[in-house]
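So the chains spell out like this:
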Amino acid sequence: MKKQLKNSFLVFAAIATMTMFNSCEDLELFEPLGENSIADATPPSANFSYSQGAGLDDAWKVYTFANGSTSATAYTWDFGDGNTYTSIDVDDADAVNTYPGEGTYVVTLTASDDLGAVSVFSETIMVVEPEEPDVPDPILVNADFDKLPKSSGSDCSCSGWINKSIGDQGESSSGNGGSDNVVKFDNNEPDAVYQEFEVVPNADYSIQIVTSFSSLAGGSFPSMLELRVLKGSGYSSGYTPAYYTDTTAMPQDDWGYESITQVEDAANNLLVEVQTNPSDDEYFTYTYSFNSGANNSVALFIRGIGGPATGGGGTELGYNSGDEEIRADVITITAINN
């Protein structure tokens, strides 16, 4: 009876063995880890790319690292400056680091998976503060005061320079070796030119203007030429500047400055310069400079002054040129880059 039971147990064990393991390969699945264990079929591979920040202040010190690893479940960053970062979420495996300053840093990403396989990728980066880009020169329309078409009316050297709310338009004239190539601020009239243009905030600019005064007439009101750079922050409330390249598209009114009160408000001025009659009717070059401050838009306003506040031959705007004509031949505005 005992022999029969023993044989039955052996038969049962054989059947059980045949049921659980169909091959040697299946048997290997249950072997303990060791030299005969199955290799990781998809081991991790660490990789990354990076980019330097750009913009104002210290943005150049900020580097963004994009994880490019595959088959990993954990990521550890060493940024080479003492800072580290670890994530176990592939959606949160990118990293950002702010470096203390210029230098050479070795960045290392260690990627691992749930089976304990590890991959390491390192790259040396040079953190360097970029050079400041040059400030571009402002764009002026008809800076040579050529006789060009305008949005309405006849061609004029004042085209691109008209703001009827704060000045009568300058007139075309000839001078400095050309014909219809200068703008004239007539005597005893509130003639002016006005144009808005873009600037870079906190940048320095140089203005050159070539002008000529008629000989002194000997009257009570000698003419002077006043030049102002007006802040964009002084524009009328709700005004948004628009910049043009074609004189026929430029309005002749409804600009940012709509009154002489705005113009003469000291808080709205970045530069105020006055030219007096040199007692010589030759053309002279005058140079001034200004800083744009917090503005990204400014206006250049030039008018003849020296005459009586009212009367004269033009619109009643509260100012007039004096007894002599003044001519402007060209205006050049350039950025001052160190």
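This structure is a prediction, so every number in the text was calculated from the model and none was measured.

**Student:** Explain the overall build of the chain to me, and be specific about the residues and the numbers.
**Tutor:** Secondary structure assignment for the chain yields three helices and 17 strands. Taking all 338 residues of the chain together, 40% fall into the buried category. For the chain, contacts bridging at least 24 residues in sequence account for 70% of all contacts bridging at least 6. Counting only carbon and sulfur atoms, one obtains 51% of the accessible surface of the chain, whose full area is about 18200 Å².

**Student:** Go over the nonpolar core, please, and point to the residues and values.
**Tutor:** Judged by nonpolar contacts, the single largest core of 33 residues is most densely connected at Ile207, Ile209, Leu227, Leu300, Ile302 and Ile331. With five residues, strand S17 (residues 326–335) is the single largest residue contributor to this core. Those residues in contact with Ile302 that lie beyond four places of it in its chain are Phe185, Asp191, Ala192, Val193, Ile209, Leu225, Glu226, Leu227 and Ile331. Counting 18 residues, the second-largest nonpolar core is a separate cluster that includes Phe79, Ala95, Tyr99 and Leu109.

**Student:** Let's hear about a negative patch on the surface: which residues, and what values?
**Tutor:** A cluster of acidic residues, Asp89, Asp91, Asp92 and Asp94, forms a negative patch at the surface. The topology assignment puts Asp92 in the loop between strand S4 (84–87) and strand S5 (95–98).

**Student:** Account for empty space enclosed by the protein, with residues named and values stated.
**Tutor:** Under the defined criterion, the tally for this structure stands at one cavity of 30 Å³ or more. Reported here for the largest cavity is a volume of approximately 40 Å³. Along the walls of the largest cavity sit Lys150, Gly160, Trp161, Ile162, Thr247, Met250, Pro251, Gln252 and Trp255, which together make up its complete lining. Among the residues forming the lining of the largest cavity, the class breakdown is five nonpolar, three polar and one charged.

**Student:** I'd like a rundown of the pairing of strand S6 (residues 103–112), residues and numbers included.
**Tutor:** With five bridges joining them, strand S3 (residues 74–78) and S6 adopt antiparallel strand pairing. When the bridges of S6 are listed, Trp77 appears paired with Leu109. Pairing between S6 and strand S7 (residues 118–127): ten bridges, direction antiparallel. The residue bridging Thr108 from the neighbouring strand is Ser122, located in S7.

**Student:** Account for the sheet that holds S7, naming residues and giving values.
**Tutor:** Within the open sheet, the four strands sit side by side as S4-S3-S6-S7. Their pairing is antiparallel. One side of each edge strand has no neighbouring strand; the edge strands of this open sheet are S4 and S7. Each adjacent strand pair in this sheet contributes to an overall mean axis angle of 10°, direction not counted. By the bridge criterion, four bridges tie S3 to S4 in an arrangement that is antiparallel. Residue pairing in the sheet places Trp77 in a bridge with Tyr85 of S4.

**Student:** Any chance you could break down the sheet that holds S5 for me, citing the residues and the numbers?
**Tutor:** Judged by pairing direction, the sheet is antiparallel, and its three strands sit side by side in the order S1-S2-S5 without closing on themselves. Every other strand in the sheet has two partners, leaving strand S1 (48–52) and S5 as the edge strands with one partner each. Averaged over all neighbouring strand pairs, the angle between strand axes comes to 20°, with direction disregarded. The pairing of strand S2 (residues 62–67) with S5 spans four bridges and is classified as antiparallel.

**Student:** Any details on the pattern of salt bridges? Residues and values, ideally.
**Tutor:** Between side chains of opposite charge, a pair can form as their charged atoms come close. All chains considered together, the criterion is met by eight salt bridges. Each of Glu171, Lys184, Glu325 and Arg327 takes part in a single network of salt bridges with overlapping partners.

**Student:** Outline the environment of Asp113, listing residues and values.
**Tutor:** Within the element layout of this structure, Asp113 appears in the loop between S6 and S7. Using a relative accessible area of 13% as the deciding quantity, one classes Asp113 as buried. Between the alpha carbons of Asp113 and Asp40 there is a distance of 9.7 Å; along the sequence they are 73 residues apart. Separated by 3.1 Å, the side chain of Asp113 and the backbone nitrogen of Leu115 make a polar contact. Polar contacts involving the side chain of Asp113 include one to the main-chain amide nitrogen of Ala117, which spans 2.9 Å.

**Student:** Which residues make up the environment of Ile162, and what are the values?
**Tutor:** Structurally, Ile162 is set in the loop between S7 and strand S8 (168–169). Judged by its relative accessible area of 3%, Ile162 falls in the buried class. Put simply, Ile162 and Val193 are 31 residues apart on the chain and 5.7 Å apart in space, counted from C-alpha to C-alpha. Beyond its immediate sequence surroundings of up to four residues, Ile162 is in contact with Lys150, Gln169, Tyr194, Pro251, Gln252 and Trp255.

**Student:** Residue-level account of the packing of aromatic side chains, with values.
**Tutor:** One pass over the structure, following the stated rule, counts 17 aromatic pairs. Summarising the aromatic geometry, the rings of Tyr50 and Tyr63 are spaced 6.1 Å apart at their centres and angled 40° between planes, so their arrangement reads as tilted. Here the residue Tyr50 occupies a position in strand S1, and Tyr63 occupies one in strand S2, the gap between them amounting to 13 residues. A relative accessible area of 33% places Tyr50 in the partly exposed class. With a relative accessible area of 3%, Tyr63 lands in the buried category.

Each value, and the rule that gives it
Residues numbered from 1 in each chain as written. Predicted model: local features only at pLDDT ≥ 70, side-chain atom pairs only at ≥ 80, totals over all residues. Heavy atoms only, no water. Helix = DSSP H or I, 4+ residues; strand = E, 2+ residues; numbered from the N terminus. Buried < 20%, exposed > 50% of the residue type's maximum accessible area, 1.4 Å probe, protein only. Contact = heavy atoms within 4.5 Å. Areas by Shrake-Rupley, 256 points an atom, 1.4 Å probe, with all protein chains shown as cover. Core = buried A, V, L, I, M, F, W, Y, C linked by side-chain atoms within 4.5 Å. Patch = residues over 30% accessible without salt bridge, like charges linked within 9 Å, V, L, I, M, F, W, Y side chains within 5 Å. Salt bridge = Lys/Arg side-chain N within 4 Å of Asp/Glu carboxyl O. Lys, Arg positive; Asp, Glu negative; His and termini not counted. Charge placed at Lys NZ, Arg CZ, Asp CG, Glu CD. 1 Å grid on protein atoms, 1.4 Å probe; cavity = no way out; pocket = protein on both sides within 12 Å on 5 of 7 lines; lining within 4 Å. Points joined across faces, edges and corners; volume = space filled by probe spheres on them. Nonpolar A, V, L, I, M, F, W, Y, C, P; charged D, E, K, R; others polar. Pairing = 2+ DSSP bridges. Axes fitted to C-alpha atoms, helices over the stretch in contact; angles between N-to-C directions. Polar contact = N/O pair within 3.5 Å; in protein donor to acceptor, adjacent residues only side chain to side chain. Phe/Tyr/Trp six-rings, centres within 6.5 Å; stacked < 30°, edge-to-face > 60°.

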